[in-house]
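Summary of structural features
Here is how the chains run, residue by residue.
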Amino acid sequence: MKAVVMAGGFGTRLRPLTEKLPKPMAYVANRPMMEHVVRLLAREGIKDLEVLLYFFPEKIMDYFGDGSQWGMRINYIGAEADYGTAGAVKMAEDRLDGTFLVISADIITDFDLSKAFEFHRENGAAATMVLTRVTNPLQYGIVLTEPDGRIARFLEKPSWGEVFSDTINTGIYILEPEVLSLIPTKKNFDFSKNLFPAMLSRGDRLLGYIAEGYWKDVGNLSEYLNVHLDILAGKAAIEFDGKSVGTGNVWIGGNTHIDYTAELKNVVMGKNCTVAAGVVAENSVIGDGCVVEDGAVIQSSVVWPRTVIHKGARLLENIVGSDCEIRGGAFLAERAVISDHCRIGTGAVVKANVKVWPHKVVEDGAVLSSSLIWGEKWARSLFGAFGIYGLANLEISPEFAAKLGAAYAATFGRKVVLSTSRDSHKASRMINRAIMTGMLSVGVDVHDYGVTPLPVVRFLARSHRDERGGVHTRKSPFNPKFIDLKFFDDTGLDLSMGNEKNIESLFFREDFVRAEIEETGQISFPVGGFDTYVDGFLKSLDAKAIRDRGFNVVIDYSYGSSALIFPRILGQLGVETVALSAMLNPDKITRSQEEFDKGLHHLSAIARSLSADFGVMIDTGGEKIFLIDEKGDILSDWVVLQIVTLLACRQNRKGLVGVPVTASRNIEKIAGKYGMDVVRTRTLPRSQMETAAREGVVFVGDGNGGCAFPRFQPAFDGMFGIVKLMELLAGEDRTLSDVLREVPPTAFVQKKIPCAWENKGALMRLLATHAKGKPSQFIDGVKIFHGEDWVLIYPSQDEAYFHLCVEAEERRTAEDLANHYAELFNSWSTKL
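This report concerns the structure included in the present document. Values in this document were obtained by computation on a predicted structure and should not be read as measured data. (Residues numbered from 1 in each chain as written. Predicted model: local features only at pLDDT ≥ 70, side-chain atom pairs only at ≥ 80, totals over all residues. Heavy atoms only, no water.)

**Topic: the overall build of the protein chain**
When its secondary structure is counted, the protein chain shows 21 helices and 53 strands. Based on the C-alpha atoms only, the size of the protein chain along its principal axes is roughly 110 × 60 × 50 Å. Sorting the 832 residues of the protein chain into buried and exposed places 56% on the buried side. Taking all contacts inside the protein chain whose residues are at least 6 apart in sequence as the whole, residues at least 24 apart take part in 58%. A total accessible area of about 34,300 Å² is found for the protein chain, and carbon and sulfur atoms account for 49% of it. Averaged over its 93 positive side-chain charges, the protein chain has a centre that lies 3 Å from the centre of its 105 negative ones. (Helix = DSSP H or I, 4+ residues; strand = E, 2+ residues; numbered from the N terminus. Buried < 20%, exposed > 50% of the residue type's maximum accessible area, 1.4 Å probe, protein only. Contact = heavy atoms within 4.5 Å. Areas by Shrake-Rupley, 256 points an atom, 1.4 Å probe, with all protein chains shown as cover. Lys, Arg positive; Asp, Glu negative; His and termini not counted. Charge placed at Lys NZ, Arg CZ, Asp CG, Glu CD.)

What follows is the structure in structure tokens.
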């Protein structure tokens, strides 16, 4: 007798284990599940197999080859389309000239099929369905048979009201070749839905044989784990490789070493494994080549080959794919699934029922509470240096955003008001609405400002006493696939680290309380927000000086929402403007570096040709500005910070200015000349904004186009920065190039030094040791002075590299210093 093995399944419900693997190749008890079927058929004396392939066929062909290893002759048949169960078998018709068996490659059974063959022959059946009895028949096709075995009735996947039997179709059939004539060629045709009903209506001999023994359709991840627990409990007569040792039902593969202090019970372990001291493993299957380190605990789990489980890690009812690394102290909660080539960091927690797709990283100490499908990693924290950012609709999905909105709102309690706003992109609108939904669900009211520049909503947070904070959603200006979420408090400043941690704690624990139906929050859409902003804006300036000067400027709005409000302000100040990119265009919000540079040069050419007082590009979010002087020269951010500092110091002549540690040494010279002091800040926006909010501070710049004038608001505001620059220039009746000539020239060099995440701490320690005995500063990273020249090295908050900044009198000196420290740093890295 021949057998047709149906091995074309996608294994959709077993994903992520079967993301790049055909379902029949998924391991069961350390063998591909199809191998269990092949071994069963070999025991029944079946030597010829027709294997039907569809999804990743080469992986099955490479493993089973010609079948000789199992005493078989295997022929493979590939399908160009999905023709259904019967339609697929029809493709083997030319090779089937006698009674044959049809069986799925993704079941686990120990049926004695010889009895089914005997039943088929003795009763002269055209087709015999092999049946079994189960306690819950809802997910299967149920069958009712007559006493003589004839099929009286069957129904696919009934509801409880339709259940008329606990006998189900196992998907194993014994067929005579003439049955194939009833199946159309290259048409979608199914055994249960099409062929068997046709045979019943024709009065053909369609019989059912109720088999005894174990049978399980490995249909989903839950059943996949359950079938292993059944095998370990002795419910299925399945062969194991290796030998049985001890008294605890433990099977050990060849060349596997187990420490005598390890406690194993009901465990199947593959070959070439190492199990260290103090390991506890129970009701588990561990694949070939695995390493289990000291004190690890594995309970009711399946671990695929070549996975390393480090010290103290705990697995509880999990499935872990091949070539994974579960680092020390990590915890996988009930029914969590980790697929191939993943790394779960030290002390990380993967919560119950979470699925991690292949090649993902869960960082050290992270808590993963939702499935990680897209992106490369899940960080231990939500917030980075600049808020929360991630792949739009993948990492930052509506589900994620709703949960985040609820966690943020829950830090305040009920019946407070939070604001939401966004840019013009459709993905931002989707995420913004999801955030609002989460906020409302915990009983918080929402002011939604829609498409509004970020500086405007920051100002309104300070002006509206009932608003406790807000979230601004935007498409990233740097990466077209990413969404940025900016959170701020009732002062308009970025959240403190403590507040960020509170949100993360609630998000990961998911213990915020949803509101009762009548306590759900309400949404409102405030009017007059722009009027409030404009009124405060104009009151914070010498409007008369600006009008009297009569500025003529060219402004590139970068297709952002500043174009909705800034022209109105400029009109009231009598500023003549030529506006570029002044319409909302969601498709052009993100600019590559090349596009940004091209835009600046285009702005420069127009400003020069129109003899403008200056040209300025304002970023999409309305926070940063990039300047062109009246000659059409593009001014670097490094230089702009010095120019604005000089003008602000000369106007105020007392107080403080704030700049980051990366700013030029000229800042102290400029401030000191006019009787002012300098506050050096960290490079993080929150640090700079907090400095701007301090008593006596008149100006803060970040050296990247951000300017904050606390008299108006202590946050970066590109629109106010432009007009304040006009006021400062008008007060001196000078041009930008005039002021530039007062700035002493220096050379500035920047580099990025790659390093592994895990080496950052050690490198900072080596750097601090190196700085001992040298003039140095430790505000953000390590700054080492060489006379007036200096070198600053500080770690990136979100990426695997260090920033290297150097300022010197001459460019060659700056480059030599940069190269020296880069080489020094790289030499340290290679030794770690």
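**Here's the deal with the sheet that holds strand S44 (residues 625-628)**
Taking strand neighbours across the sheet as the criterion, the 4 strands line up as S42-S41-S43-S44 in an open arrangement whose pairing is mixed. Edge positions in the open sheet fall to strand S42 (576-580) and S44, since each of these has one partner strand only. Each strand axis lies, on average, 20° off the axis of its neighbour in the sheet, ignoring direction. Sheet topology places strand S41 (residues 552-556) next to S42; 5 bridges connect them, and they run parallel. Note on S42: the bridge partner recorded for Val553 is Thr577. (Pairing = 2+ DSSP bridges. Axes fitted to C-alpha atoms, helices over the stretch in contact; angles between N-to-C directions.)

**Describing the packing of helix H20 (residues 760-771) against helix H21 (residues 811-831)**
The geometry of H20 relative to H21 is characterised by a closest axis approach of 10 Å and an angle of 130° between their N-to-C directions. With respect to their mutual orientation, H20 and H21 come out oblique. The handedness of the crossing between H20 and H21 is right-handed. Between H20 and H21, the contacting residues are Leu763, Leu766, Leu767 and His770 on the first element and Tyr821, Leu824, Phe825, Trp828 and Ser829 on the second. (Parallel < 35°, antiparallel > 145°, perpendicular 65-115°, else oblique. Left-handed = near helix turned anticlockwise from the far one by under 90°.)

**So, the packing of aromatic side chains**
By convention here, two paired aromatic rings are described through the distance between centres and the angle between planes. Using the criterion set out here, one finds 31 aromatic pairs in the structure. Ring geometry for Tyr173 against Phe191: centres 4.8 Å apart, planes inclined by 50°, an arrangement best described as tilted. On the criterion of sequence distance, the pair formed by Tyr173 in strand S11 (residues 167-175) and Phe191 in helix H5 (residues 191-202) is long-range, its members being 18 residues apart. Residue classification places Tyr173 among the buried positions, given a relative accessible area of 5%. Aromatic side chains Phe825 and Trp828 sit 5.8 Å apart centroid to centroid with 55° between the ring planes, which places their arrangement in the tilted category. One end of the pair, Phe825, and the other, Trp828, are both in helix H21, 3 residues apart, so they sit about a helical turn from each other. A residue is classified by how much of its surface remains accessible, and Phe825, at 0% relative accessible area, is buried. An aromatic cluster is built from Phe459, Tyr533, Phe537, Phe699, Phe709, Phe712 and Phe720, whose rings are joined through pairwise contacts. The side chain of Lys59 reaches across the aromatic face of Phe56, ending 4.8 Å from its centre. Here Lys783 stacks its cationic end above the ring of Trp790, 4.2 Å away from the centre of that ring. (Phe/Tyr/Trp six-rings, centres within 6.5 Å; stacked < 30°, edge-to-face > 60°. Lys NZ or Arg CZ within 6 Å of the ring centre and 35° of its normal.)

**Examining the sheet that holds strand S47 (residues 697-701)**
In space, the 4 strands of this open sheet follow the order S46-S45-S47-S48, with mixed pairing throughout. Because the sheet does not close on itself, it has two edges, and the strands there are strand S46 (677-681) and strand S48 (707-708). In this sheet, S46 lies alongside strand S45 (residues 656-660) in parallel orientation, the contact comprising 5 bridges. In the sheet register, Gly658 faces S46, and the bridge partner there is Val679. Sitting on the sheet, helix H16 (residues 666-673) is in contact with S45 and S46, with an inclination near 150° to S46. Sitting on the sheet, helix H17 (residues 685-692) touches S45, S46, S47 and S48, and the angle it makes with S47 is about 165°.

**Section: the side chain of Asn318**
By the element assignment, Asn318 lies in the loop between strand S24 (314-316) and strand S25 (319-320). Only 2.6 Å separates the side chain of Asn318 from the backbone nitrogen of Leu316, close enough to count as a polar contact. Here Ala333 takes part through its backbone oxygen, which lies 2.6 Å from a polar atom of the side chain of Asn318. Here Asn318 is in contact with Leu225, Ser300, Ser301, Val302, Leu332, Ala333, Glu334, Arg335 and Ala336, once residues within four sequence places are set aside. (Polar contact = N/O pair within 3.5 Å; in protein donor to acceptor, adjacent residues only side chain to side chain.)

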